[in-house]
Amino acid sequence: MTYWSRRLLGALTVLFFVLTLNFALFRLMPGDPVASLIDPRFSPESKEALRKAYGLDRPQAEQFLLYLKRTVTFDFGLSFISGRPVWQELRNRLPHTVALTGSALALSGLIGTFLGVTAARRRGGLLERATLTAGALSFSFPSFFLQLLLLLLLAVFWPLFPLRGSVSVPAPQGAALIADYLHHLALPVISLVLLSFGSWALYVRNLMVKILGSEPLFLARAKGLPESILLWRHAFRTALPPLLTLVLLSLPGLLSGAVITETVFSLHGVGRFLLESIQGQDYPAAGGAFYLLALVTVASNLLADAAYGMADPRIRFERERRR
Amino acid sequence: MIAVEGLRLDYRTGIRRVRALDGVDLVLRRAATTAIVGESGSGKSSLVTALLRLLPPGASLSGKITVEGRNIMSLSEKELSASYRWTTVSLVLQGAMNAFTPVLTLGRQIAEVLEVHRRLSRTEAMGKAAALLEETGLPRSWTARYPHELSGGQKQRAAIAMALACDPLYLLADEPTTALDVITQAEIVTLLKGLTRWRGLGLVLVTHDLALASAVADRLVVLQAGRVVDEGPTERLLDAPGHGHTTSLLEALKTLEASDHD
Amino acid sequence: MNLLRRWSPWALLLLALAGLIGPRLTGDAEEIVAPPFARPLWLDRSAPPNRHLLLSTKDLEASLDWQWGPPAGFALTGTYRLPEGASARLSWTGPEGSLVLAELTGAGGRFALDGRDIAFRLRLGLSPFQSPLERLFPEPGPYRLRYEGTTPPEELAADLHLSGGRWGLLGTDQRGRDVFRLFLAGIFVSLLIGLAATLLAALLGTTAGLLGGYLGGAVDGALMRLADLLLALPLLPILMVLAGLWGRGLWQLILILGLFSWMGTARTVRALTLSLREAPFVENLRALGAPTWYILGRHLLPEALPVLLATVTLGVPGAILAEAGLAFLGLSDPRLLSWGRMLHEAHSFGAFTAGAWWILLPPGLGIVTVCLAFLDLGRFLEEKADPRLREETP
Ligand SMILES: Nc1ncnc2c1ncn2[C@@H]1O[C@H](COP(=O)(O)OP(=O)(O)OP(=O)(O)O)[C@@H](O)[C@H]1O
Ligand SMILES: [Mg+2]
């Protein structure tokens, strides 16, 4: 088996597990299983009709297969709350969640990398100590606490940013809409960057300190190369593959963070949709949102893994040889 | 000529201080191959590092180093990089160490010194890198290879190609054959010796292997606990060691050979 | 001992003591003690404080010098008994004149007035929507509450409670509960959930790690795949779904958190077991025919214990943060007073528009402190278990 078919199989296993969990959680609960799938406010006749349509009158195993088939085609059923297909609701919200987490990841990665590299170059400096502190703090700072503080400071006491929402109500038109959207996105992204740049910087710093003290860098210095080439071409390129692993490892946490961030800032996104569905006992919607978050995580894991292989010739070599 | 006078080197780890070089006086000539021998921990690698003024943080170096009449101790870090390291004195490290940067191709790592020090374009530098690989007995196309794709001996050939790239006046080789098998060892030493002689550059071979040193070098320098305890033409030193330590090193060599013949 | 020279054990001890004893000393956290969003006493001296004026059978008059704007609440409660045929009233006299607060009629009874009552407002000649406090406190100056009657009362006990915009050490929340008491109550929940969930996870992880590492083969493969799988999923959404479906009580939360955070421990213990499995003493035991459980329990587990202790301690912040996150999202039992819950309520019920930062800071800083303390403690234990680490930390 090639490396990639094994990886793909692994990803599919994860998804299958999520689906099974989803199926079991929402259906095998105590009480009438139908109650968790069909809006309790419907009339008995329409309930019966829906029961047939969802195949709830069949045996569990057959239901499971039917459920798998539906989920793979993104058919999660109708939301109890809005009455519209869950997938439609999700598709509408997904770009917002991706915009939030994507820009936060990119920015904190860039800032953290820059700070980490600088701290590693100037050992014992003020910046290095600040980086170490920020890194330690970021492991024990609840995201919502920082975000609430930022809201209180920058949206209430000193109203630079809006207090809630993804856009103003009523929404402006044209280019102003984009500006308005970015204005609403700014504080959430800033908060996520503040929360994670420290651990990035810490990780990059530790990695770079190790690499800068290694044999290849000693030789590169003996070659009389300028500082920038030493630092970026030799040291940073060596650090890149493990950094990409960190991206891979930070993705699940980032999506978890999106749920909280979207709640604090009342943003339009998959995370808050999940929370509202759970609170409103809208089971089809909750199941769909949960599956989508898992799917995004698994897909980005695969992507990061591919990038890792591209960045490190040793890994690429390993993977090809194992065919 | 490299002239070293009263070279003193202290490492600092935590609160401990280690004196690695304790007043080394030494002359290395371009025309000769010099071997620096000594037991483990005697300061051989430290001497090589000090000659390039590449010291870990916390280390302090004092004394005089003069290379072709130039006072190396007074150069700034920038000047060292721009006009001394690799252009005047280059370096080959121990074969077992992964001294190449693992994520860059061999071609890239050889070409970059040409780009930086000789101001060649990327393509010119790559062409020269291929020629250098060929000169050391590797295929030209291996510029596209990554270090992990080479065996230890092949890596040392590439390292020699890289060390020769900017036509330096001296080549320092710190245990270039350690951890290689005997046949490859001989090949690498022959290659080093041949190329340096042909190009007229001074070879400084650092080794703890007195047999190898005496086979290759014109002059020997014996180091013990950070001091030069004996120095001179190889023949003279082997016949009439000037210091007890040299004698004991020779004794160790003889018993080793004797046990080999059993 | 080195441990005692660190700050973290002391901080945790202090917090634990405060969490155990504090609520007993300060009283019920659910009690409504002052108006909503009252500021901490030390914060704003221009806001009126909380005052009581008491009348009794002996003291028929009480006065105070009021130096502030109107208070936030005005409540008069009490009981009385009058001699046959007597009539009396309670009056309120200020710099601008006198008002009758209550007519005391009949032989006795109880009275209860509140500034929020419509009847009270109407009696003062106000509309039902007008606050009576401006009328009762028109300006700073001396005020007097007095019993006025034909004869002295046989019995009187009256308590006029003027609730100010200031309360206690940390003010009040949106319902008028004491933030300091809520904070103390939250210590218990955070520590309990953090520790219990981590211990459960450690138990599961150790079992999985020992079994996988020692038995190897299919068991090991299955357990490690399961761990990989759980690690590849976003944790919070799973916890949310489970909390939403299974219930939100204390023990459910502990169970849910424990079930989804054993993976790290399992990996550590497994690696250690693998390295010990080939150790000569284990091989000897096996050769002697010692049963698997005996080798695992009596020899491998004690070897793994120091590392395990460090892993558990380092895992506590994660559990605390996860609990706080769920509570912040409103997915915990509302009766469970936790720090996350406090932040949830601060966010959901207008602490922002009120600018009430004193509700926000204590629970947030509490979480940060506890997490930092456990991290510090965990690092200490880690160094104990593996002295090599000491040199690497900068
Ligand atoms: N970076 C360093 N920090 C502290 N002490 C060092 C460092 N490098 C070397 N030393 C010490 O300096 C002394 C000389 O070491 P050096 O590496 O120069 O010896 P060597 O002759 O090259 O030995 P070997 O044959 O083992 O390579 C030794 O005592 C060594 O422990
Ligand atoms: Mg050495």
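Calculation criteria
Residues numbered from 1 in each chain as written. Chains lettered and ligands numbered in written order. Predicted model: local features only at pLDDT ≥ 70, side-chain atom pairs only at ≥ 80, totals over all residues. Heavy atoms only, no water. Pairing = 2+ DSSP bridges. Helix = DSSP H or I, 4+ residues; strand = E, 2+ residues; numbered from the N terminus. Contact = heavy atoms within 4.5 Å. Buried area = accessible area lost by both parts, 1.4 Å probe. Salt bridge = Lys/Arg side-chain N within 4 Å of Asp/Glu carboxyl O. Polar contact = N/O pair within 3.5 Å; in protein donor to acceptor, adjacent residues only side chain to side chain. Nonpolar A, V, L, I, M, F, W, Y, C, P; charged D, E, K, R; others polar. Near = heavy atom within 4 Å. Areas by Shrake-Rupley, 256 points an atom, 1.4 Å probe, with all protein chains shown as cover. Axes fitted to C-alpha atoms, helices over the stretch in contact; angles between N-to-C directions. Parallel < 35°, antiparallel > 145°, perpendicular 65-115°, else oblique. Phe/Tyr/Trp six-rings, centres within 6.5 Å; stacked < 30°, edge-to-face > 60°. Buried < 20%, exposed > 50% of the residue type's maximum accessible area, 1.4 Å probe, protein only. Domains from an automatic or database assignment. Patch = residues over 30% accessible without salt bridge, like charges linked within 9 Å, V, L, I, M, F, W, Y side chains within 5 Å. Expected span 1.5 Å × (residues − 1). Bend = angle between axes of the 7 residues up to and from the residue.

A. Highlighting the pairing of strand S1 (residues 2-13) of chain B. All names here are of chain B. Across 10 bridges, S1 lies against strand S2 (residues 16-28) in antiparallel orientation. Residue pairing across strands places Thr 13 opposite Arg 16, the latter belonging to S2. Here S1 folds back onto S2 in antiparallel fashion, the turn holding two residues, of which Gly 14 has a positive phi close to 65°. In this sheet, strand S4 (residues 60-67) lies alongside S1 in antiparallel orientation, the contact comprising seven bridges. Counted as the bridge partner of Glu 5 is Lys 64 from S4.

B. Geometry of the interface of chain C and chain A. Taken together, the contacts link 38 residues of chain C with 40 residues of chain A. Regarding the contact of chain C and chain A, the summed buried area is about 3600 Å², with carbon and sulfur atoms giving 86% of it. At the boundary of chain C with chain A, the tally comes to zero salt bridges. Counting every contact that joins chain C to chain A gives four residue pairs in polar contact (both at pLDDT 80 or more).

C. Looking closely at the interface of chain B and chain A. Counting residues at the interface gives 26 residues for chain B, matched by 21 residues for chain A. Here chain B meets chain A over a buried area of about 2200 Å², counting both sides, of which 68% is carbon and sulfur. Considering only the side of chain B, the residues that lose the most area to chain A are Val103(B), Glu112(B) and His148(B), jointly responsible for 25% of the buried surface there. Measuring nitrogen to oxygen at the nearest pair gives 2.9 Å for the salt bridge that ties Lys223(A) to Glu112(B). Along the contact surface separating chain B from chain A lie seven residue pairs in polar contact (both at pLDDT 80 or more). It is helix H3 (residues 106-117) of chain B that contributes the most residues to the side of chain B that touches chain A, six residues altogether. Class assignment of the residues belonging to the side of chain B that touches chain A gives a composition of 15 nonpolar, seven polar and four charged.

D. Representation of the site of ligand 1. All names here are of chain B. In the neighbourhood of ligand 1, 13 residues make up the surrounding shell, with Ser 40, Gly 41, Lys 44, Ser 45 and Ser 46 lying closest. Interatomic distance of 2.7 Å between a side-chain N/O atom of Ser 45 and an oxygen atom of ligand 1. Contact with the protein chains removes 62% of the 630 Å² of surface that ligand 1 exposes when unbound. When contributions to the shell around ligand 1 are tallied by element, the ones reaching two or more residues are S1 and helix H1 (44-51). Looking at which element gives the most residues to the shell around ligand 1, the answer is H1, with three residues.

E. Spotlight on the packing of helix H9 (residues 227-264) of chain A against helix H10 (residues 270-279) of chain A. Residues and elements named next belong to chain A. Between H9 and H10, the least distance of the axes is 7 Å, while the angle of their chain directions is 80°. By the criterion of interaxial angle, the relationship of H9 to H10 is roughly perpendicular. The residues of H10 that touch H9, namely those facing Val 259, Glu 262 and Thr 263, are Val 270, Gly 271, Arg 272 and Leu 275. Of the residues that constitute the contact of H9 with H10, the class distribution is three nonpolar, two polar and two charged.

F. Local environment of the sheet that holds strand S3 (residues 33-37) of chain B. Residue and element names in this part refer to chain B. Across the sheet, six strands lie side by side as S6-S7-S8-S3-S9-S10; this open sheet has mixed pairing. Of all the strands in the sheet, the pair left with one neighbour each is strand S6 (89-92) and strand S10 (227-233). Neighbouring strand axes in the sheet, compared pairwise and without regard to direction, differ in orientation by 20° on average. Where S3 and strand S8 (residues 202-207) come together, five bridges link them in parallel fashion. Among the inter-strand pairings, Ile 36 is bridged to a residue of S8, identified as Val 206.

G. Just the packing of aromatic side chains, in detail. For the coordinates displayed, the defined rule picks out 20 aromatic pairs over all chains. Geometrically, the ring pair formed by Phe141(A) and Phe145(A) is stacked, given 5.6 Å between the ring centres and 25° between the ring planes. For the pair Phe141(A) and Phe145(A), one class covers both residues: buried. The structure contains a cluster of three or more aromatic residues connected by ring pairs, namely Trp66(C), Phe74(C), Trp92(C), Phe120(C), Phe137(C) and Tyr143(C).

H. Region of the structure containing the domain arrangement of chain C. Taken domain by domain, chain C consists of domain 1 (51-163) and domain 2 (179-389). If you average the C-alpha positions of domain 1 of chain C and of domain 2 of chain C, the two centres end up 57 Å apart.

I. Region of interest: the side chain of Asp333(C). Within the fold, Asp333(C) resides in the loop between helix H10 (292-328) and helix H11 (339-348). In contact with Asp333(C), other than residues within four places in its own chain, are Arg248(C), Gly249(C) and Arg341(C).

J. Highlighting the side chain of Ser256(A). By the secondary structure assignment, Ser256(A) is in helix H9. In this view, Ser256(A) contacts Pro234(C), Leu235(C), Leu236(C) and Pro237(C); residues no more than four positions away in its chain are not counted.

K. Here's a closer look at the environment of Ala285(A). All names here are of chain A. Mapped onto the elements, Ala 285 comes out in helix H11 (residues 283-311). Given the relative accessible area of 0%, Ala 285 is considered buried. Taking the C-alpha atoms as reference points, Ala 285 and Leu 275, 10 residues apart in sequence, are found 9.9 Å from one another. Discounting chain neighbours no more than four positions away, the residues touching Ala 285 are Ser 79, Val 86, Phe 273 and Ser 277.

L. Spotlight on the pairing of S3(B). Residues and elements named next belong to chain B. When you tally the buried positions in S3, you get five out of five residues, the bulk of the element. Every second residue of S3 is oriented toward a common face, with Thr 33, Ala 35 and Val 37 on one face and Thr 34 and Ile 36 on the other, all of them buried. The pairing of S3 with strand S9 (residues 219-224) spans four bridges and is parallel. Counterpart to Ile 36 in the pairing with S9 is Val 221.

M. Quick peek at a nonpolar patch on the surface. Residue and element names in this part refer to chain C. The grouping of Leu 4, Trp 10, Leu 13, Leu 17, Leu 20, Ile 21, Leu 25 and Phe 188 at the surface amounts to a nonpolar patch, some 840 Å² of accessible area in total. In terms of residue count, helix H1 (residues 7-26) provides more of the nonpolar patch than any other element does, six residues in total. Summarising the element assignment, Leu 25 is placed in helix H1. A residue is classified by how much of its surface remains accessible, and Leu 25, at 70% relative accessible area, is exposed.

N. Representation of H1(C). Residues and elements named next belong to chain C. For H1, with 20 residues, the first-to-last C-alpha span of 26 Å sits near the 28 Å given by 1.5 Å per residue. If you look at H1, its biggest bend is around 35°, right at Leu 20, and the proline Pro 23 turns up within four residues after that. Within the span of H1, buried status applies to Ser 8, Pro 9, Leu 12, Leu 15, Gly 19 and Gly 22. Next to the buried residues of H1 lie helix H4 (179-215) and helix H12 (357-385).

O. Broad picture of the pattern of salt bridges. Summed over the entire model, instances satisfying the criterion amount to 40 salt bridges over all chains. The shortest N-O distance in the salt bridge between Glu89(A) and Arg84(A) comes to 3.4 Å. With a shortest N-O distance of 3.4 Å, Arg122(B) and Glu115(B) are connected by a salt bridge. What emerges from the salt-bridge pattern is a single network uniting Arg8(B), Asp10(B), Arg17(B), Arg19(B), Asp22(B) and Arg227(B).

P. Expanded view of unusual backbone geometry. For the peptide bond that leads from Val169(A) to Pro170(A), omega is -5°, which places it in the cis range. Structurally, Pro170(A) is set in the loop between helix H6 (143-157) and helix H7 (175-212). A positive phi angle, close to 55°, is found at Arg53(B), a residue other than glycine. Looking at where Arg53(B) falls in the secondary structure, it is placed in the loop between H1 and S4. Not every positive phi belongs to a glycine, and Asp167(B) is a case in point at roughly 45°. In this structure, Asp167(B) sits in the loop between helix H5 (152-164) and strand S7 (170-174). With a relative accessible area of 44%, Asp167(B) lands in the partly exposed category.

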